[in-house]
Amino acid sequence: MKPKMHTLAYRLLAIAALWPAVTFGQAPAATAPAAATVEYSKKGADTCLTCHDDEHVASVFLTKHGQPNDARSPFGKGQLQCEACHGPGGNHTKKVKKGEERPAMIRFGRDSKTPVAEQNGTCLACHEKSMSASWHAGPHDANNVSCASCHDSHVAKDPVLSARTQADVCYTCHVAQ
């Protein structure tokens with residue numbers, strides 16, 4: 001089982017196991033309206049790149065995230081490419097009626113409207129094993145800071161991962177002491 005699916009399977013089992021305890025003694029909930037259909041784009045990254053073709057977006061192909069020969073990469077064989085991180089884009093890419101807003105995608109970073117928990121959940125879906133203890137017990141998670149507030153997955157060399165440039169990234173929020 002793929003690591004992403006493995007984590008998802010455990011989460012679903014945990015929800016299923018806890019569901020009776022959560023709902024015990026409660027009145028049955030009203031039937032919720034059907035959720036919107038979630039669709040992936042038909043041509044993956046080729047669909048995304050028809051509009052999002054700037055240098056920053058394209059630079060993902062210079063990173064570990066953009067390697068088609070690495071099955072663990074979002075661009076590896078059978079993976080979801082841009083949509084692995086940014087979510088299903090089928091509804092985002094459809095024609096928008098006049099007066100309607102284009103459905104949003106998951107965006108990353110300090111200024112994103114996407115909730116920090118959703119941003120970090122996306123990152124940790126793949127990086128959970130390597131980060132779980134240091135992230136969940138750390139001050140950034142405790143202070144609701146997104147992974148992308150410090151990390152940039154669209155650059156060949158993430159400045160926060162280099163000892164030479166890490167302090168510059170940290171000092172954008174932390175005052176030098």
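In this text, all values refer to a predicted model and were calculated from it rather than measured experimentally. (Residues numbered from 1 in each chain as written. Predicted model: local features only at pLDDT ≥ 70, side-chain atom pairs only at ≥ 80, totals over all residues. Heavy atoms only, no water.)

Asker: Run through the overall build of the protein, naming residues and quoting values.
Answerer: For the protein, the helix and strand inventory stands at eight helices and zero strands. Listing every helix and strand of the protein by position from the N terminus yields α-α-α-α-α-α-α-α. Buried residues in the protein amount to 24% of all 177 residues. Put simply, of all contacts in the protein between residues at least 6 apart along the chain, 46% involve residues at least 24 apart. Surface summary for the protein: the accessible area is close to 13600 Å², and the carbon and sulfur share equals 60%. (Helix = DSSP H or I, 4+ residues; strand = E, 2+ residues; numbered from the N terminus. Buried < 20%, exposed > 50% of the residue type's maximum accessible area, 1.4 Å probe, protein only. Contact = heavy atoms within 4.5 Å. Areas by Shrake-Rupley, 256 points an atom, 1.4 Å probe, with all protein chains shown as cover.)

Asker: Can you explain the nonpolar core? Please cite residues and give values.
Answerer: Grouped together as the largest cluster of nonpolar side chains are five residues: A45, C48, V60, F75 and C82. Beyond its immediate stretch of four places on either side in the chain, V60 contacts H65, G66, F75, S153 and H154. (Core = buried A, V, L, I, M, F, W, Y, C linked by side-chain atoms within 4.5 Å.)

Asker: Lay out the pattern of salt bridges with the relevant residues and their values.
Answerer: With the rule as written, the count across this model stands at two salt bridges. Where K94 meets E39, a salt bridge forms, and the shortest distance between an N and an O atom there is 3.3 Å. Residue K94 is found in the loop between α5 (90-93) and α6 (116-136), and its partner E39 is found in the loop between α1 (3-23) and α2 (45-49); the two are separated by 55 residues along the sequence. By relative accessible area, E39 is classed as partly exposed at 27%. Across the pair R72 and D70 runs a salt bridge, and its minimum N-O distance is 3.2 Å. Exposure remark for R72: the relative accessible area of 71% places this residue in the exposed category. (Salt bridge = Lys/Arg side-chain N within 4 Å of Asp/Glu carboxyl O.)

Asker: Pulling in residues and values, what's your account of the side chain of S149?
Answerer: Structurally, the position occupied by S149 is in the loop between α7 (139-142) and α8 (166-170). We classify S149 as buried; its relative accessible area is 11%. Not counting the four nearest positions on each side in its chain, S149 is found in contact with G109 and R110.

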